[in-house]
Structures are given as structure tokens and as C-alpha cells.
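Summary of structural features
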Amino acid sequence: MKTDCGVYVTIAPDGTLKRDLAAVRGKIPLEDTTVEDEIITFSELDFGPYAEVVDLVITSAAFIPHQGRLEDADMNVFQFIQDTTIDLVTTMEQDAPMFGTLTRAMIEDCIPEDDGTGLYVYTTTAQIISILTSVMYLQFEVNDILSDLRHGIPIDFEGRYDYLRMQELTQVFEPDSGGLVSRYYFRSISDYYYFLLVHFISGKPNVVLCECCGRYFIPQTKRKTLYCDRELKNGKSCKALAPALKHKLDASRKKVIEEFDRAKQRMYKRYERTETFGEKPANKNLSYNEYYQWLKRATDARDRYLAGTLSEMDALKIIDVK
């Protein structure tokens with residue numbers, strides 16, 4: 001049964017992002033944020049545990065054809081995929097309510113009704129995989145856009161990112177302080193973040209890679225800023241610590257930060273998305289979980305190097321994967 005789940009979004013005149021989540025268990029107010037913070041935060045999320053389950057679904061899909069025959073679907077495998085997906089969504093709704101709720105809504109909107117044909121099993125499985133992998137694809141796209149903006153590369157709205165200019169939005173009008181306020185309504189993770197990306201890019205953000213911690217940030221002023229405000233250690237931010245560490249922020253330090261960024265670009269272009277049942281991935285491809293496992297190790301190596309507890313050689317050995 002289709003629910004009324006979704007997220008309602010309003011961007012206030014001061015740029016504050018106000019959101020309310022209509023979840024299965026009722027209305028859930030989400031913390032106010034900004035478009036910039038939401039995009040940067042999303043670009044750094046660890047989908048490792050989630051990716052492990054998604055890889056299990058993808059691997060299981062290869063066993064649906066009974067004895068390799070497409071006309072003979074193994075219904076036990078198909079039921080396992082459905083049950084695993086339901087368990088994943090339910091867990092997400094508890095641990096990450098917005099992602100879980102929007103994933104549920106996407107499944108409701110995209111999974112076809114059982115028409116009694118043998119093709120239904122394959123169509124539904126392909127849709128489930130497409131929905132579950134979309135959030136990770138989206139994170140890769142967001143990181144690509146941040147990298148382009150950082151290097152001054154114009155966003156290609158006519159080609160690579162044409163989906164941003166063709167986005168369709170659903171507006172709703174709700175009572176607020178005696179009047180009506182316009183809000184946007186989303187039932188898709190991709191639609192929500194595409195909406196934010198349009199506003200993010202239109203603001204012409206000055207995307208910078210912090211020379212102290214190696215993470216993306218948006219400076220608060222138009223002045224050239226090299227260090228972010230994130231807490232690095234002892235309750236102090238990169239910006240506060242940078243002057244004292246200036247003698248250490250040398251070419252070798254930049255080398256590790258830049259190599260981490262380049263390696264991340266290379267690695268997430270190697271993930272494997274298999275929608276053809278039984279297809280064997282090439283040696284150079286990665287599963288989603290393998291990518292996030294590498295990212296966790298590489299991020300830890302970068303951070304330990306920056307903290308002075310890991311040598312440059314050892315850090316680059318962990319980060320660099322050809």
C-alpha cells in the first residue's frame with residue numbers, strides 16, 4: 001500500500017534549509033541546516049554497512065535463474081531479496097530516518113504490481129537494485145561536481161549534468177502564521193539532492209579543499225581561505241591550528257592530501273553495478289562495499305598522517321591503488 005511518506009523542504013530568505021519528514025511513524029522535524037552544509041555532509045557520508053547489504057542483493061540476483069535458465073526463476077532467492085530489502089529499509093528508517101523514508105517511497109513509486117508473468121521477478125529485482133544503488137551513485141556525482149567547482153571547471157548542464165536543468169518539482173502550499181507558505185515535496189533521494197545541487201551551484205560557491213585536513217568546505221568570506229573550521233584535535237579547528245602547523249604544511253603534506261583526492265576520484269569510477277543477472281565483474285571493477293572499505297582505510301591513513309602518527313610512505317601505500 002502506498003504511503004504519504006516524503007520530505008517537505010523550504011529554503012528561507014537567509015538560506016536556512018527547513019525540513020519536515022512525513023515518515024511511517026508520523027511527522028518528524030529535521031534539524032535546520034543550509035544547502036551548502038547538506039551537500040558537503042552528504043559528500044562525506046560512509047555508506048559502508050549499507051553497501052554491504054546492497055552487494056548481497058546484487059550477488060543474490062545472479063542466482064534467480066534456476067540452473068541458469070532465465071525462464072525458470074528461483075522464487076526462494078527472489079523472496080530473500082525482497083525480505084532483505086524490507087529489513088534494510090526498516091533499519092534505515094530507525095538509524096537514518098530521511099534516507100529510510102525516501103527509500104521506502106521510491107520503492108512504492110517504482111516497483112510494479114505483480115502481473116503474474118515470469119518477467120515480473122526480473123523487472124522487480126532490477127528496480128530494487130537500481131533504487132538501492134542510486135544513493136551511492138548520487139554521492140559519486142556530488143563529489144564529481146565538488147571537484148569540478150574546486151578546479152573551476154564549468155558545470156555542463158547541456159551534457160553530463162543535463163538532468164539538473166530538467167528537474168520537475170512538486171510544490172505544496174501549507175498554512176503558516178495565518179497565511180500560506182510554499183514548500184517542496186520529495187519522495188526520492190535523488191530528486192531531493194538534485195534540488196539542493198541546483199541551488200548550491202546557482203549560488204556560485206567557492207569550493208575549497210582544506211590544506212590542513214584535506215576535506216571540502218565553503219569559506220565564509222570571499223577572501224582567499226586555505227583552512228576550514230572543522231575541529232581537528234584538542235577542540236581546535238584547522239583554521240586555528242594551521243598557523244602553528246605552518247612549518248609542517250609543506251609540499252609532502254599537500255602531496256598526501258592531493259593524492260587522496262585523486263585516488264578517491266579513480267576508485268569510485270571503478271565500482272561495479274551489475275543489473276544483468278549472472279554477469280561477471282571485470283578485475284578492475286569494485287563492488288560498492290569494496291569501495292567504501294577502501295575509502296575508510298584511506299581516510300584513516302590520511303587523517304593519521306596529518307596527525308603525525310603515520311609516515312608519508314605508509315599513508316601513500318594505503319591510499320594509492322592503481
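Being a predicted model, the structure only gives us computed values, none of them experimental.

1. A few points about the overall build of the protein
The number of helices and strands found in the protein is 11 helices and 12 strands. Buried residues in the protein amount to 46% of all 322 residues. For the protein, the accessible area works out to roughly 17300 Å², and carbon and sulfur atoms hold 52% of it.

2. What about helix α10 (residues 288–306)?
For α10, built from 19 residues, the straight-helix expectation of 27 Å at 1.5 Å per residue is met to within 8% by its first-to-last C-alpha distance of 27 Å. Every buried residue of α10 is listed here: Tyr288, Asn289, Tyr291, Tyr292, Trp294, Leu295, Ala298, Ala301, Arg302, Tyr305 and Leu306. Following α10 by one or two positions, Gly308 has its phi on the positive side, about 85 degrees.

3. Observations regarding the environment of Ile201
Mapped onto the secondary structure, Ile201 falls in helix α7 (residues 189–202). Looking at Ile201, the relative accessible area reads 11%, which means it is buried. With 56 residues separating them along the chain, Ile201 and Ile145 place their C-alpha atoms 8.9 Å apart. Setting aside its immediate chain neighbours within four residues, Ile201 contacts Ile145, Ile155, Phe157 and Leu164.

4. Examining the nonpolar core
Grouped together as the largest cluster of nonpolar side chains are 81 residues, with contacts concentrated most on Tyr192 and Tyr193. With nine residues, the next largest nonpolar core counts Cys210, Cys212, Cys228 and Ala242 among its residues.

5. A word on the packing of helix α5 (residues 119–150) against α7
Following both chains from N to C, one finds α5 and α7 inclined at 10 degrees, their axes separated by 10 Å at the closest point. Viewed along their axes, α5 and α7 adopt a mutual orientation that is roughly parallel. Contacts from Ser134, Val135, Leu138, Glu141, Val142, Ile145, Leu146 and Leu149 in α5 reach Ile189, Ser190, Tyr193, Tyr194, Leu197, Phe200 and Ile201 in α7. Here the residues of the contact of α5 with α7 sort into 12 nonpolar, two polar and one charged.

6. Remarks on the pairing of strand β2 (residues 16–23)
Most of β2 sits inside the fold, with seven of its eight residues counted as buried. Where strand β1 (residues 6–11) and β2 come together, six bridges link them in antiparallel fashion. Bridge pairing in β2 links Tyr8 to Asp20. In this structure, the hairpin formed by β1 and β2 is closed by a connection of four residues, where Gly15 is found at a positive phi of approximately 95 degrees. In terms of strand pairing, β2 meets strand β3 (residues 26–29) through four bridges, oriented antiparallel. Paired with Ala23 across the two strands is Gly26, which belongs to β3. Turn length for the β2-β3 hairpin, with the two strands adjacent in sequence and antiparallel, is two residues.

7. Structural notes on the confidence of the model for the protein
Confidence in the prediction of the protein, expressed as mean pLDDT, is 84, and 86% of residues score 70 or more. Within the model, pLDDT remains below 50 along residues 273–278, and this stretch shows 16 contacts once partners closer than five positions in the same chain are excluded.

8. Some remarks on the packing of aromatic side chains
Counted by the stated rule, this structure contains 21 aromatic pairs. Seen from their ring centres, Phe42 and Tyr193 are 4.1 Å apart, and the 25 degrees between their planes marks the pair as stacked. Highlighted residues: Phe42 in helix α1 (residues 35–43) and Tyr193 in helix α7, separated in sequence by 151 residues. Assigned by exposure class, Phe42 and Tyr193 land together as buried. Between the aromatic rings of Phe99 and Tyr193, the centroid separation amounts to 6.3 Å while the plane-to-plane angle is 15 degrees, which identifies the pairing as stacked. With Phe99 in helix α4 (residues 97–110) and Tyr193 in helix α7, this residue pair connects regions lying 94 residues apart in the sequence. The ring centre of Phe260 lies 4.3 Å from the NZ or CZ of Arg302, which sits over that ring.

Parameters at a glance
- Along each chain, numbering runs from 1 in the same order as the chain's sequence is written.
- This being a predicted model, a pLDDT of at least 70 is required before a residue's local features are given, and a value of 80 or more before pairs of side-chain atoms are given or counted; all residues contribute to the totals for chains, interfaces and linings.
- Each side-chain value is worked out from all heavy atoms of the structure, with water and hydrogens disregarded.
- Numbered from the N terminus, helices here are DSSP runs of H or I no shorter than four residues, and strands are runs of E no shorter than two.
- When accessible area is computed with a 1.4 Å probe and restricted to protein chains, residues below 20% of their type maximum are described as buried, those above 50% as exposed, and intermediate ones as partly exposed.
- Shrake-Rupley sampling with a 1.4 Å probe provides the accessible areas, and residues are treated as covered by the protein chains on show and by no other component.
- In this scheme, a helix's expected span is set at 1.5 Å multiplied by one less than its residue total.
- Any pair of residues with heavy atoms lying within 4.5 Å of one another is described as a contacting pair.
- To form a nonpolar core, buried Ala, Val, Leu, Ile, Met, Phe, Trp, Tyr and Cys residues must be joined to one another through side-chain atoms within 4.5 Å.
- A fitted line through C-alpha atoms represents every axis, and for helices the fit uses only the stretch in contact; the resulting angles, taken between N-to-C directions, go from 0 to 180 degrees.
- Roughly parallel here means an angle under 35 degrees, roughly antiparallel means over 145, roughly perpendicular means 65 to 115, and every remaining angle is called oblique.
- Classification used: nonpolar for Ala, Val, Leu, Ile, Met, Phe, Trp, Tyr, Cys and Pro, charged for Asp, Glu, Lys and Arg, polar for all others including Gly.
- Only when DSSP finds a minimum of two bridges between them are two strands counted as paired.
- pLDDT expresses, on a scale from 0 to 100, how confident the predictor is about each individual residue.
- Centres within 6.5 Å are what make two rings of Phe, Tyr or Trp a pair, Trp counting through its six-membered ring; a difference in plane orientation under 30 degrees is then read as stacked, over 60 as edge-to-face, and the rest as tilted.
- Counted as over-ring charges are cases with an Arg CZ or a Lys NZ within 6 Å of the ring centre that also lie within 35 degrees of the ring normal.

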